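Coordinates in review
Here's the letter readout for the chains.
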Amino acid sequence: MSIDRAANRNDFSTISNAGRAGSGVTKGLIFSGCLVVSFISMTGVASAHVKWFVPCVVSDDPLPVQAVLTTTFFLFLALFLALFYLACAAEQTRFGATVSKFLDHLTEPLRDRVDDLLRAAAAVFFALLWAHGGLILTPELEASSFWLLAIQLLIPLFLGARATLPAAGAGIVLLYVYGAASYGLFHMLDYPVFPGLGVWFALSLSRNAKLLAFRSDFLRWTVALSLLWPAMEKFVYPAWVAPIAIAHPELTLGFDVPTVVTAAGIVEFGLAFALFWTPLVRRLAALALVLVLTAATLDFGKVDGIGHLMIIAILVAVFADRDERPARYRPALAPLVGSMALPATLLLYTGAHTLSYTSLTTPIEPLAGGTALLLLVFLCLRRFAAGPGNTRYESGQDLVRQVPRQVPRRLSLRASIVAATSDAAPEVAVGGVALTAVVLIAFLGLRGHELQVPPSAASAPPRQQHSDMSALAMIRTT
């Protein structure tokens, strides 16, 4: 879902027509901001990845959608949609333009160093994985193999030079694929940020402006999905989150556990969904997520801090991003799309779970419903667009401004080879050797060895057929 961009910072002719409404929106935004701060504090209950701290059996049956759609759920959803609308409306006022300019000035030193930031964070992250041993990508993805350790060690080394960045990206994608083969694709849907990071590094050497701009959007989309998809666990697996709320009662602010879990799921979904929206909204959402994830480290320790290191680094890059093209959608479209996106994600989650662990035929209804809602979202975005469909990659904008201004639109393969200078030959050679090393290590490591059942899955209790009852029982005991 590629959604659009900020109002033109220099064009106040349209904004000035908002006059009195602008001041009202600004007051409403300030008031709603206070509410957001109070609800963000609740998300500390769920900001730590639940599977890292609580024994979870992913194959358990989730709560039915009917049990999720409670009065509390709709109240918090209505609050989120109202705040979402106010933020989008404020973005198109003078106040929003002023905030955008302030953020542009504040993040200017970081904007040109985004590539260095992501390379450094990824190097530290995979070096820590290698030092720990026995993990694929995250704490609950356990595996012990020499070739995994070799690739985890090579990734930080390859991130040190530009020529070997594609090899580092290939290694990250390879680890993700191995995790999907070991734990199942549904489990790995929690972590699409790693393929996004791999694509970012794989396209780092491209001189194509559209590809470089696409990698920025793709990385932002994947980190948003990595937060949005697990948010559904708070709704359909409340028993997973309840022990965390019980162990950290200060995070509940005196509210009962079911209310806190529902609020945490709504806020987590809302902030993640805002990363798909207009520039100022997604920058503020990225900032809020950085603060929440960083604060959660104080309660959940270094495991949470290391596990979310890459997500925090990418969110900082999103916060530093700047997009100066005019917005295409009216603020009223934001709550309409948001109200359809949440149930669509919920239906797709339950349908994909059933497809992965139960039956190939029964998930047709939730999958069809979720797909239909996503189609409605797409039609609304196309129908109510205020301008022509100009996406970021069509204008060649990227988080890292390293592409020459004049890039030939069409360049044949033969012309590309002829245009390559002698300085590029060593870079291509080194990158090819690095990529070959990653593939060779993976081939030798997997040759003759079949994928084994992960230790956590082997020791897990039998699949529960009525986890909704156990969830409600646990919550009621609190």
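The rules behind each value
Starting from 1, residues in each chain are numbered consecutively following that chain's sequence as written. The predicted nature of this model means local features are confined to residues of pLDDT at least 70 and side-chain atom pairs, given and counted, to a pLDDT of 80 or more, with totals for whole chains, interfaces and linings taken over all residues. For the side-chain quantities, the full set of heavy atoms in the structure was used; hydrogens and water were omitted. What we call a nonpolar core is a set of buried Ala, Val, Leu, Ile, Met, Phe, Trp, Tyr and Cys residues that are connected through their side-chain atoms within 4.5 Å. Three labels apply to residues, based on accessible area from a 1.4 Å probe with only protein chains included: buried if under 20% of the type maximum, exposed if over 50%, partly exposed otherwise in between. Runs of E in the DSSP output that reach at least two residues are strands. Runs of H or I that reach at least four are helices, and both are numbered from the N terminus. Contact criterion: two residues are considered in contact whenever any of their non-hydrogen atoms come within 4.5 Å of each other. Structural elements are reduced to axes, namely lines fitted to C-alpha atoms, with helices fitted over the stretch in contact, and the angle between N-to-C directions of any two is expressed from 0 to 180 degrees. Handedness of each helix crossing follows the sense of rotation of the near helix against the far helix: counterclockwise by less than a right angle gives left-handed, clockwise gives right-handed. Residues are grouped as follows: Ala, Val, Leu, Ile, Met, Phe, Trp, Tyr, Cys and Pro are nonpolar; Asp, Glu, Lys and Arg are charged; every other residue, Gly included, is polar. Working rule for helices: expected span equals 1.5 Å times residues minus one. Salt-bridge detection follows one rule: a side-chain nitrogen of Lys or Arg within 4 Å of a carboxyl oxygen of Asp or Glu.

Now for the nonpolar core. Core analysis: the largest hydrophobic core is formed by 105 residues, its most contacted members being Phe273 and Leu275. Element by element, the count of residues in this core is highest for helix H18 (residues 333–357), at 11 residues. The residues contacting leucine 275, other than those within four sequence positions of it, are Arg220, Val223, Ala224, Leu227, Arg282, Ala285, Ala286, Leu289, Leu315 and Val318.

In helix packing, the relevant descriptors are the interaxial angle and the interaxial distance, both defined with respect to the helix axes. Where helix H4 (residues 71–91) meets H18, the closest approach of the two axes is 8 Å, and the angle between their N-to-C directions is 145°. Once H4 is placed against H18, the crossing between them reads as right-handed. Residue-level inspection shows Phe73, Leu77, Leu81, Phe84, Tyr85 and Cys88 of H4 in contact with H18, the latter providing Ala334, Pro335, Gly338, Ser339 and Leu342. Across the contact of H4 with H18, the residue classes break down as 9 nonpolar, 2 polar and no charged.

Here the focus is helix H7 (residues 146–158). Helix length check: H7, at 13 residues, gives a terminal C-alpha distance of 18 Å against a target of 18 Å (1.5 Å per residue), a fit within 8%. Those residues of H7 not exposed but buried are Trp147, Leu148, Ala150, Ile151, Gln152, Leu154, Ile155, Pro156 and Phe158.

Okay, the pattern of salt bridges next. All told, the structure shown has 4 salt bridges when counted by the stated rule. Across the pair aspartate 217 and arginine 220 runs a salt bridge, and its minimum N-O distance is 2.8 Å. Highlighted residues: aspartate 217 and arginine 220, both in helix H11 (residues 209–231), separated by 3 residues, approximately one helical turn. The shortest N-O distance in the salt bridge between glutamate 268 and lysine 234 comes to 3.2 Å.

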